Amino acid sequence: MRKPLLISLCLIFYILSLLADSEEETGPRYTISGFIKDTGTDEELIGAAVMVQELNRGTVTNVYGFYSLSLPPGFYHLKISYVGYALQELAVNLNENLTFNLELQEQIQELAEVTIRSEGRQAHVRKAEMSVNKLPIKSIKRIPTLMGEVDVIKAIQLLPGVQASSEGASGFSVRGGNPDQNLILLDEATVYNASHLMGFFSVFNNDAIKDVKLYKGDIPADFGGRLSSLLDVRMKEGNLKKFSGSGGIGTISSRLTLEGPIIKDKTSFLVAGRRTYADLFLPFAKDPDVRDNTLFFYDLNLKLNHIFNEKNRLFVSGYLGRDVYANPFARMAFGNQTYTLRWNHLFSSRIFSNFTLIHTRYDYELGTPDGDANSFVWRSKMKDYSAKGDLNFYITPEHTLRFGLISTFHDFEPGSAYGTGEQSLFTEFILPTNYALENGVYVSAEQSFGERWNLRYGLRFSSFHNVGPGTIYNYDEHYNARDSTVYGRGDVYHHFLGLEPRAAVSFMINDVSSIKSSYSRTRQYVHLAQNSTAGTPLDVWFPSTPNVNPQVSDQVAIGYFRNLLDNRLEVSVEAYYKQMRNAIDFKDHANLLLNRYMEGEIRIGEATSYGLEFLLRKNEGRLNGWISYTYSKTTREVPEINDGNPYAAPYDKPHDIAIVGNYEISARLWVSANWVYSTGLPVTFPTGRFEYMGNIAPVYSNRNAYRMPDYHRLDMSVSFGSKPKPDRKWHWDLNLSVYNAYGRKNAWAINFIQDEENPNITHAEMTYLFPVIPALTWNFHF
Amino acid sequence: MNSITTIKTSIIILAISLSLWNCTERIDIELDSTYTRLVVEGYVTSDTAAHWIRLSETSDYFHNQAAPAVTGAEVAIDDGESVHMLTESDTLPGWYLTSPDYHGIPGRTYTLRIRNVDIDKDGMGEEYTAASAMRPVNTIDSIQIEWFDTFVSGYQVRVWAWDSPDPDWYAFKVWKNGVLVTDTLYELIVQNDEFFNGNYTYGIPSQFLSTDKPEEVVEVGDTITFEINGITEEYYNYVIEAQSQVFPQTPLFSGPPANIRTNFDNDAIGFFTAYSVNYSSTIATADIVNGGKP
């Protein structure tokens with residue numbers, strides 16, 4: 001326990017020394033700071049650029065919309081810009097500390113091609129930040145959808161380096177990683193299962209979301225705990241100026257979001273709800289067995305925020321979602337809940353801080369009705385309690401420092417099952433609960449050197465401690481449980497400590513192009529026991545223990561970034577190489593559910609991934625969208641799997657193309673389309689067969705020696721909306737989406753089936769999920 | 001829950017959520033070949049009967065003919081006390097039979113030895129062995145059949161019996177009028193008692209007669225016999241693995257495909273197992289049969 005303390009102290013001293021230094025070095029400086037907001041709603045804009053023309057330097061707002069610039073006294077022109085918003089210019093005579101809370105006007109796209117001078121877009125090239133994609137909510141809304149449900153996760157799956165784990169799934173693989181290696185945060189709270197309805201929809205209700213950012217490699221030192229990526233989703237704060245709402249009636253669900261001020265300019269709220277209603281139609285089903293079914297999911301997003309004064313602001317946010325399926329003889333329910341309490345405090349105009357308390361939980365329940373011999377209920381849940389503090393220190397426009405810490409207490413209850421009712425033969429079966437404490441301390445800095453060099457470097461120190469009460473099974477060399485060790489309440493019985501350095505550098509070749517490079521190490525202490533490609537809600541998370549080491553990843557990336565056509569077109573090419581140690585796989589025929597000895601099913605190895613990613617993106621204008629292409633290769637090597645030979649990782653898709661386009665025919669009519677193509681997933685097929693008990697059984701090839709047929713799909717949509725008028729309060733649009741427009745039968749599964757007539761004959765049979773699926777959605781906002 | 005309930009529930013959930021969409025279609029796939037292996041299927045039970053061992057070869061996956069039989073082998077079963085030689089069937093090539101008065105004794109361990117086969121065609125005979133203990137099995141108090149009609153139609157067989165206080169592994173089968181109707185791997189049900197060790201079963205549904213299969217349709221007066229086998233943990237795992245590889249697999253619930261274990265040495269595949277047997281019967285009354293018919 002001494003080492004982490006020592007390192008933490010070192011970090012604190014380092015920070016203090018920087019604070020002291022900066023005061024001396026910089027001489028007399030004054031600060032311009034404030035929040036940048038949307039005129040209409042007062043929602044803070046994340047990542048808005050504030051450029052100082054005279055210095056050709058600037059900053060961008062942080063996730064709370066805050067910016068701060070400390071400059072020598074003088075006269076400056078500031079340009080404030082944000083994609084989709086009108087540029088604002090400001091002349092400032094700086095001879096004292098100034099606070100400017102600025103409001104930007106959302107640009108209503110006119111018939112004529114609007115030229116938005118987007119100095120802010122230059123950040124794409126300049127910032128020492130790579131392997132990051134940000135998707136404006138507006139463009140997510142225009143992507144054609146499956147059954148009319150606008151979905152953040154489906155949208156990010158169209159980005160280079162990101163792949164859906166299987167057809168229609170909410171799980172995604174980033175640069176060859178597993179879906180459980182993505183840290184999905186909703187207002188800073190971890191979402192452990194981001195899927196609804198077997199993964200076909202995600203938990204994010206687009207109407208309640210303000211900002212989505214995906215980090216695929218160069219994860220900032222502020223975040224840790226997952227190997228591959230960070231998906232940072234921020235909810236809207238609620239309109240501070242006027243009561244407003246939005247919603248929609250769709251093919252499978254309806255949604256309504258209401259927001260507004262409780263005290264004007266001080267307190268606002270937001271409530272967003274969504275529920276599917278497929279089950280409302282079940283009573284009309286032809287099949288009487290289907291009529292008694294229940295099948296729905298809902299989401300509820302709640303938000304309250306209060307501005308005490310210029311320096312203090314409080315946010316409360318919550319998410320509750322649940323899926324319920326039931327029929328006369330079985331029921332199942334699962335869902336996430338997240339709660340976040342945040343306090344923004346300005347220690348000075350240059351020191352921004354945020355303190356957060358988080359609670360998140362995921363649980364599921366499976367059962368049968370009471371009163372029968374096989375009546376049972378099976379529950380599993382996990383809970384996290386976190387406390388977090390982050391400070392941003394804006395030393396000069398050339399130097400920003402961030403530091404903070406987070407501590408999370410994990411409570412895993414992997415499963416308990418017992419018979420229900422008098423007649424049940426099942427005994428109580430409870431898997432031991434696990435407790436653990438996960439900590440992270442970080443410091444990171446962004447610095448510019450001269451006109452061309454930008455540097456971002458940081459160090460995260462993370463630790464993980466198994467805390468009693470707990471039961472750990474001890475395994476022999478054949479992975480058989482030998483005995484167990486029981487730890488008492490409060491025993492801290494195992495520790496993992498690790499440093500996670502992160503660094504990125506960018507070199508501006510000229511005003512519109514740059515070369516960037518980054519290195520990052522990430523460590524993951526909690527893992528998902530998922531053995532199938534798509535995963536199910538029943539998969540359980542498990543902590544690192546004396547039997548399971550944390551996963552560690554080292555990634556390097558290099559990229560070329562260029563803006564074309566007056567910054568309207570962004571081009572990037574990135575190459576990455578990633579090495580993952582202690583990568584988790586499972587033995588053949590692993591049993592991961594309700595298994596006391598689940599840890600004995602784990603097989604540890606190494607995974608390697610490399611790839612090349614191209615992205616051409618146009619964010620503005622009547623025609624916008626992007627083209628992405630990824631070439632990648634991911635292999636795993638686990639001594640006990642595939643005779644120790646390397647094999648293609650489950651999400652290895654060498655070629656992956658996505659073309660996303662949106663064209664505005666008029667202000668009232670727009671069309672969108674996207675086309676995706678990828679190499680089929682690796683798969684194990686039989687190469688031989690034998691007869692046993694009247695059935696034909698397979699003799700398999702090596703692991704993942706074959707590939708599914710290539711995947712491709714075209715989706716299209718057309719939307720027609722109300723006439724945009726400045727004084728109009730009520731807006732609506734009608735959207736017709738067609739998923740899989742040319743009816744490609746993409747194999748979801750391939751099975752080998754014995755012929756019913758002649759049992760000696762076997763056929764390959766593919767299962768596909770979606771034919772052409774049209775959906776109609778009516779959306780409104782006021 | 002390990003097997004029955006999990007699988008059942010999974011299938012139900014799948015049925016609800018996917019039946020709305022999923023469609024299947026035959027496709028052509030080219031598969032490579034693999035080398036030939038000896039395949040053994042063999043049983044020794046506590047019943048007195050001619051027990052059989054079947055020897056065959058693996059073939060290419062789309063071989064589309066009966067598995068090639070392995071004839072001329074020397075097959076023997078050793079129970080630790082004596083060695084019993086099997087004779088090759090005159091009518092069924094590759095089938096080797098014990099004498100009709102042969103029966104196993106619970107508590108003994110049976111070893112199967114196969115000699116004089118040349119699977120790798122190198123001109124030299126190979127030898128293969130596998131062993132299995134015969135575990136005892138409890139008696140059944142009674143059984144009943146009951147109409148069941150949700151997603152699938154037929155009669156479920158409910159069983160009243162005590163589970164022993166020791167860990168147990170069971171296989172369940174059903175006979176109709178003296179004919180085994182659950183005669184494929186698809187229909188065999190295996191269960192361990194991890195979740196109900198030592199409990200009374202209170203009529204738990206344990207097997208199923210489907211109206212979709214002509215031989216399983218129940219008429220008034222039919223004798224339905226439930227067979228319970230005391231099997232080994234190894235054979236239980238073998239069946240679970242074999243079923244998971246033979247049943248259709250989905251990206252939701254199935255792990256990566258993997259070869260099914262065997263208890264043979266020398267790269268042979270298949271399984272040789274010994275098990276003890278008990279039976280319980282019931283006669284389908286008009287009440288039961290008509291009670292279920294719509």
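Residues numbered from 1 in each chain as written. Chains lettered and ligands numbered in written order. Predicted model: local features only at pLDDT ≥ 70, side-chain atom pairs only at ≥ 80, totals over all residues.

S.K.: Any chance you could explain the overall build of chain B here in plain terms?
M.R.: Within chain B one finds three helices and 18 strands. Taking 294 residues into account, the globule formula puts the C-alpha radius of gyration at 19 Å, and chain B, at 21 Å, falls close to it. The dimensions of chain B, computed from C-alpha atoms along their principal axes, are 65 × 50 × 35 Å. Burial status across chain B gives 37% buried among its 294 residues. (Helix = DSSP H or I, 4+ residues; strand = E, 2+ residues; numbered from the N terminus. Rg over C-alpha atoms; globule rule 2.2 N^0.38 Å. Buried ≥ 20, exposed ≤ 12 C-beta atoms within 10 Å, placed from the backbone.)

S.K.: So what exactly am I meant to see when it comes to the domain arrangement of chain A here?
M.R.: Many descriptions give the size of an interface as the accessible area lost when the pieces come together. Once the domains are mapped, chain A shows domain 1 (2-123) and domain 2 (132-781). Put simply, the middle of domain 1 of chain A and the middle of domain 2 of chain A, counted by C-alpha atoms, are 31 Å apart. (Domains from an automatic or database assignment.)

S.K.: Honestly, the sheet that holds strand 3 (residues 57-60) of chain A in this entry has me stumped. Any pointers?
M.R.: Adjacent strands of a sheet form backbone hydrogen bonds with each other and so pair up, either parallel or antiparallel. Residues and elements named next belong to chain A. Within the open sheet, the four strands sit side by side as 3-2-5-6. Their pairing is antiparallel. Looking at strand neighbours, the two that pair on one side only are strand 3 and strand 6 (88-94), the edges of this open sheet. When the angles between neighbouring strand axes are averaged without regard to direction, this sheet yields 25°. Judged from the seven bridges that link them, strand 5 (residues 74-81) and strand 6 form a sheet pairing that is antiparallel. Note that in strand 6 the partner of Leu78 across the bridge is Leu90. (Pairing = 2+ DSSP bridges. Axes fitted to C-alpha atoms, helices over the stretch in contact; angles between N-to-C directions.)

S.K.: Even after reading the chapter, I still don't get the environment of Arg744 of chain A, so can you show me in this structure?
M.R.: Take Arg744 of chain A: it is sitting in the loop between strand 48 (731-739) and strand 49 (749-754). Measuring from C-alpha to C-alpha, the distance between Arg744 of chain A and Asp279 of chain A comes to 28 Å, with 465 residues separating the pair along the chain.

S.K.: Sorry if this is basic, but what is going on with the nonpolar core here?
M.R.: Soluble globular proteins: nonpolar side chains tend toward being buried together. Counting 173 residues, the largest nonpolar core has Val152 and Ile156 of chain A together with Leu38, Val40, Leu55 and Val190 of chain B as its most contacted members. Tallying contributions element by element places helix 2 (residues 233-246) of chain B first for this core, with seven residues. Not counting chain neighbours up to four residues away, the residues in contact with Leu38 of chain B comprise Leu55, Glu57, Val70, Val117, Ile119, Tyr128 and Ala268 of chain B. In terms of nonpolar packing, the next biggest core, distinct from the first, is built from 21 residues, Ile32, Ile36, Val52 and Tyr85 of chain A among them. (Core = buried A, V, L, I, M, F, W, Y, C linked by C-beta atoms within 7 Å. Contact = placed C-beta atoms within 7 Å.)

S.K.: Honestly, the confidence of the model for chain A in this entry has me stumped. Any pointers?
M.R.: In regions of low pLDDT, the predicted coordinates are not meant to be interpreted in detail. Per-residue confidence for chain A gives a mean pLDDT of 89; residues scoring 70 or more make up 93%. Contacts of residues 110-119 of chain A to residues separated by more than four positions or lying in other chains number 17 contacts, the stretch itself having pLDDT below 50. (pLDDT = per-residue confidence, 0-100.)

S.K.: I would appreciate a short explanation of the interface of chain A and chain B in the present structure.
M.R.: Between chain A and chain B, the residue contacts involve 68 residues of the former and 71 residues of the latter. Bridging between strand 50 (residues 762-768) of chain A and strand 1 (residues 23-27) of chain B involves five bridges; their strand directions are antiparallel. Pairing of Ala764 of chain A across the sheet is with Ile27 of chain B, part of strand 1 of chain B.

S.K.: Is there a simple way to explain unusual backbone geometry in this structure?
M.R.: Note on backbone geometry: most residues besides glycine have negative phi, and most peptide bonds are trans. All names here are of chain A. The amide bond that connects Gly468 to the next residue, Pro469, takes the cis arrangement and shows omega of 0°. Secondary-structure assignment places Pro469 in the loop between strand 29 (453-467) and strand 30 (470-475). A positive phi angle, near 50°, is found at Asn56, a position not held by glycine. Tracing the backbone shows Asn56 in the loop between strand 2 (49-52) and strand 3. For Asn56, a count of 11 C-beta atoms within 10 Å corresponds to the exposed category.

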